[in-house]
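The primary structure of each chain is shown beneath.
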Amino acid sequence: MENKQATLELGTKPVGKLLVQYALPAMIAMTAASLYNIVDRVFIGQGVGAMAISGLAITFPFMNLTAAFGAGVGVGASTATAQNILGNTISLNLIIGIGLSIICLLFLDPILRFFGASDQTLIYAHEYMVIILLGNVVSHMYFGMNALLRAASKPKQAMYATIFTVVMNVILDALFILVFKWGIQGAAIATILSQLM
């Protein structure tokens, strides 16, 4: 019933109120999500070195591409009634997440070279992406479910979830890179764990 009321409000509320209710939390969440890259770069730069930052930079377009699949499922599912297709959304994210991980792991080095990895940066990019791809199902679920939260008239909860993952990523980056000295792999583990939480 709550979703039907929210859907009705989308057609009757003033646009200004809807922008504040939906767009503002989405903008805050997107800004917070972009902090992932900044935080990883800061900690990797301090804890691993400049060549590791170069390796990490190569992985960003690749990571965005894989994340787009998870977000695509969530956004596509959000056009229908969220509660009726939740099971399908989870299943599709699992299938795409696992399938994409397997394919990308099989061809990881050629893919990274395609994105510009050199002999020096390939090592770091490879180490980072292996962990990211092993946790790709988690990322797919995170992006897909976040889109469904927004579609279910819960934009603030989606924003809070994103901010929470960024905060956890900062804490785990500091712990894994600076304290445990796990290097670029620590940043990848922090990213996956923060999304899992």
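Each chain has its residues counted from 1, following the order in which its sequence is written. Where local features are concerned, this predicted model is filtered to residues with pLDDT of at least 70; where side-chain atom pairs are given and counted, the filter is 80 or more; whole-chain, interface and lining totals use all residues. Side-chain numbers come from the whole structure's heavy atoms, not from hydrogens or water.

Peer 1: Run through the overall build of the chain, naming residues and quoting values.
Peer 2: Helix and strand content of the chain: nine helices and zero strands. Each helix is a run of H or I in the DSSP string that is no shorter than four residues. Each strand is a run of E no shorter than two, and both are numbered from the N terminus. Its helices and strands in sequence order give the chain the pattern α-α-α-α-α-α-α-α-α, from N to C terminus. Each residue is assigned to one of three classes by its accessible area relative to the maximum for its type, calculated with a 1.4 Å probe on protein chains only: buried under 20%, partly exposed between the two thresholds, exposed over 50%. The burial tally for the chain puts 41% of its 197 residues in the buried class. Reported accessibility uses the Shrake-Rupley method at a 1.4 Å probe radius. Residues are deemed covered only where the shown protein chains occlude them. Surface summary for the chain: the accessible area is close to 10200 Å², and the carbon and sulfur share equals 71%.

Peer 1: If you had to explain the nonpolar core to someone new, which residues and values would you point to?
Peer 2: Where a protein is soluble and globular, its nonpolar side chains tend to be buried together. As used here, the term nonpolar core means buried Ala, Val, Leu, Ile, Met, Phe, Trp, Tyr and Cys residues forming a set that is joined through side-chain atoms within 4.5 Å. Among the nonpolar cores identified, the biggest contains 27 residues, and I44, F62, L112, Y128, M129 and I132 are the most heavily contacted of them. The set of elements that each furnish at least two residues to this core consists of α2 (15-47), α3 (50-78), α4 (86-106), α5 (108-114), α6 (119-134) and α9 (183-196). Residue contributions to this core peak at seven residues, all from α6.

Peer 1: Describe α6, and please don't skip the residues or the numbers.
Peer 2: Across its 16 residues, α6 extends 23 Å between first and last C-alpha, which sits within 8% of the 22 Å expected from 1.5 Å per residue. Buried within α6 are the following residues: T121, L122, A125, Y128, M129, I131, I132 and L133. By this rule the span expected of a helix is its residue count minus one, scaled by 1.5 Å.

Peer 1: An account of the side chain of S194 is needed here, citing residue identities and associated values.
Peer 2: Here S194 lies in helix α9. A relative accessible area of 0% means that S194 is categorised as buried. Any pair of nitrogen or oxygen atoms within 3.5 Å is treated as a polar contact; in protein, a donor-acceptor pairing is required on top of that, and neighbouring residues in sequence qualify only through side-chain atoms on both sides. At 2.9 Å, the side chain of S194 and the backbone oxygen of T191 are in polar contact. Filtering out sequence-adjacent residues up to four positions away, S194 remains in contact with Y36, T165, M168, N169 and L172. Residues count as neighbours in contact if any of their non-hydrogen atoms are within 4.5 Å of one another.

Peer 1: Which residues make up helix α8 (residues 155-179), and what values go with them?
Peer 2: With 25 residues, α8 extends 35 Å from end C-alpha to end C-alpha; this agrees with the ideal 36 Å at 1.5 Å per step. Inspection of α8 places P155, A158, M159, T162, T165, V166, M168, N169, L172, D173, F176 and I177 among the buried residues, and these make up the whole buried set. K181 lies just past α8 and shows a positive phi near 60 degrees.

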